[in-house]
Amino acid sequence: MNIVYHPIGRLVTPFERPEEMPIQPCSTIVKQGYAVIFDDFVNGLKDLAMFSHVVLIYHLHKQSGVSLLVKPFLDVEEHGVFATRAPARPNPIGMSVVRLLKIEGNILFFENLDMLNDTPLLDIKPYVPEFDRPDNPTSGWLSNVENPSAMRSDERFV
Ligand SMILES: C[S@@+](CC[C@H](N)C(=O)[O-])C[C@H]1O[C@@H](n2cnc3c(N)ncnc32)[C@H](O)[C@@H]1O
């Protein structure tokens, strides 16, 4: 089956190179950026500004290659790619929960972005604690990583 998605917009971020960016939105380095939503989709933004956080789903457009076993930024051990957030996935889709600061026309302003500049945006969903925050979650192998949210990709294990 071939599935073709078309971007609804593009993400403008301060990051031009993977080495200089946070691994996840929860990084202690707060960087702002914005999404430019293409005209055909602007009506879909109605009422989104009422939410403090949104889930961004995007195409990791600079990723090349797939690895089913990866050594993620935060560990020296190999893990199955589906047990990680590594970009080398069969379908290079990224997702980030980010703070929505404001919406002005077709521009959405965010805090805590963790994707490269010009990343194609595929979808936006409101983050709803009642839907998305499960009871008693565990963190798998990440439980052994000291302070995962403070790490940046340029401080990764080598
Ligand atoms: C570990 S992934 C996590 C992305 C997202 N928060 C997720 O969980 O799906 C973040 C890394 O992906 C890489 N990356 C970000 N945007 C990218 C893009 N547009 N194309 C290729 N790689 C990208 C950078 O190396 C960045 O540090």
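All figures in this text were calculated on a predicted structure; none of them were measured in a lab.

1. Overview of the site of the ligand
Around the ligand sit 20 residues, and of these His61, Arg85, Met95, Asp114 and Thr119 come closest. In this structure, a nitrogen atom belonging to the ligand sits 2.9 Å away from a side-chain N or O atom of histidine 61. Notes on the ligand: free accessible area 590 Å², of which the protein chains cover 96%. The dominant element in the shell around the ligand, judged by the number of residues it contributes, is strand β6 (residues 93-104), at three residues. When the residues that make up the shell around the ligand are grouped by side-chain class, the tally is 11 nonpolar, six polar and three charged.

2. A short note on the pairing of strand β1 (residues 9-12)
Two strands pair when backbone bridges link them, and β1 and strand β2 (residues 32-37) are joined in this way by four bridges, in the antiparallel orientation. Each bridged residue has a counterpart across the sheet, and for glycine 9 the counterpart in β2 is isoleucine 37. Strand direction decides the pairing type here: β1 and strand β8 (residues 119-126), joined by three bridges, are antiparallel. When the sheet's bridge partners are listed, arginine 10 is paired in β8 with proline 120.

3. Quick word on the packing of aromatic side chains
Under the criterion given, the structure shown has one aromatic pair. Here tyrosine 34 and phenylalanine 109 contribute two aromatic rings whose centre-to-centre distance is 5.8 Å and whose plane-to-plane angle is 45°, an arrangement assigned as tilted. Separated by 75 residues along the polypeptide, tyrosine 34 in strand β2 and phenylalanine 109 in strand β7 (residues 107-111) bring together distant segments of the chain. Across from the ring centre of phenylalanine 109, 4.9 Å away, lies the NZ or CZ of lysine 102, which sits over that ring.

4. What about the side chain of threonine 13?
Here threonine 13 lies in the loop between β1 and β2. A distance of 3.0 Å separates a polar side-chain atom of threonine 13 from the backbone nitrogen of asparagine 117. The contacts of threonine 13, once residues within four sequence positions are left out, are Leu113, Met115, Leu116 and Asn117.

5. Here we look at the confidence of the model for the protein
Confidence in the prediction of the protein, expressed as mean pLDDT, is 88, and 87% of residues score 70 or more. Segment residues 153-158 is flagged for pLDDT under 50; beyond a separation of four residues in sequence, or across chains, it makes 15 contacts in the model.

6. Considering the nonpolar core
Leu11, Val54, Leu56, Leu108, Phe110, Leu121 and Ile124 are the most contacted members of the largest nonpolar core, which has 17 residues in total. Among the secondary structure elements, those contributing two or more residues to this core are β2, β3 (53-59), β6, β7 and β8. Among the elements that line this core, the one with the most residues is β3, at three residues. Setting aside anything within four residues of it in sequence, one finds valine 54 in contact with Leu48, Ser96, Val97, Val98, Leu100, Phe110, Ile124, Lys125, Pro126 and Tyr127.

7. Focus on the environment of aspartate 114
With respect to the secondary-structure elements, aspartate 114 resides in the loop between β7 and β8. The exposure class of aspartate 114 is buried, given its relative accessible area of 8%. Sequence spacing of aspartate 114 and proline 22 is 92 residues, and the spatial spacing of their C-alpha atoms is 5.6 Å. Within the local environment of aspartate 114, its side chain forms a polar contact with the side chain of tyrosine 58, the two groups lying 3.4 Å apart.

Calculation criteria
Residues numbered from 1 in each chain as written. Predicted model: local features only at pLDDT ≥ 70, side-chain atom pairs only at ≥ 80, totals over all residues. Heavy atoms only, no water. Near = heavy atom within 4 Å. Polar contact = N/O pair within 3.5 Å; in protein donor to acceptor, adjacent residues only side chain to side chain. Areas by Shrake-Rupley, 256 points an atom, 1.4 Å probe, with all protein chains shown as cover. Helix = DSSP H or I, 4+ residues; strand = E, 2+ residues; numbered from the N terminus. Nonpolar A, V, L, I, M, F, W, Y, C, P; charged D, E, K, R; others polar. Pairing = 2+ DSSP bridges. Phe/Tyr/Trp six-rings, centres within 6.5 Å; stacked < 30°, edge-to-face > 60°. Lys NZ or Arg CZ within 6 Å of the ring centre and 35° of its normal. Contact = heavy atoms within 4.5 Å. pLDDT = per-residue confidence, 0-100. Core = buried A, V, L, I, M, F, W, Y, C linked by side-chain atoms within 4.5 Å. Buried < 20%, exposed > 50% of the residue type's maximum accessible area, 1.4 Å probe, protein only.

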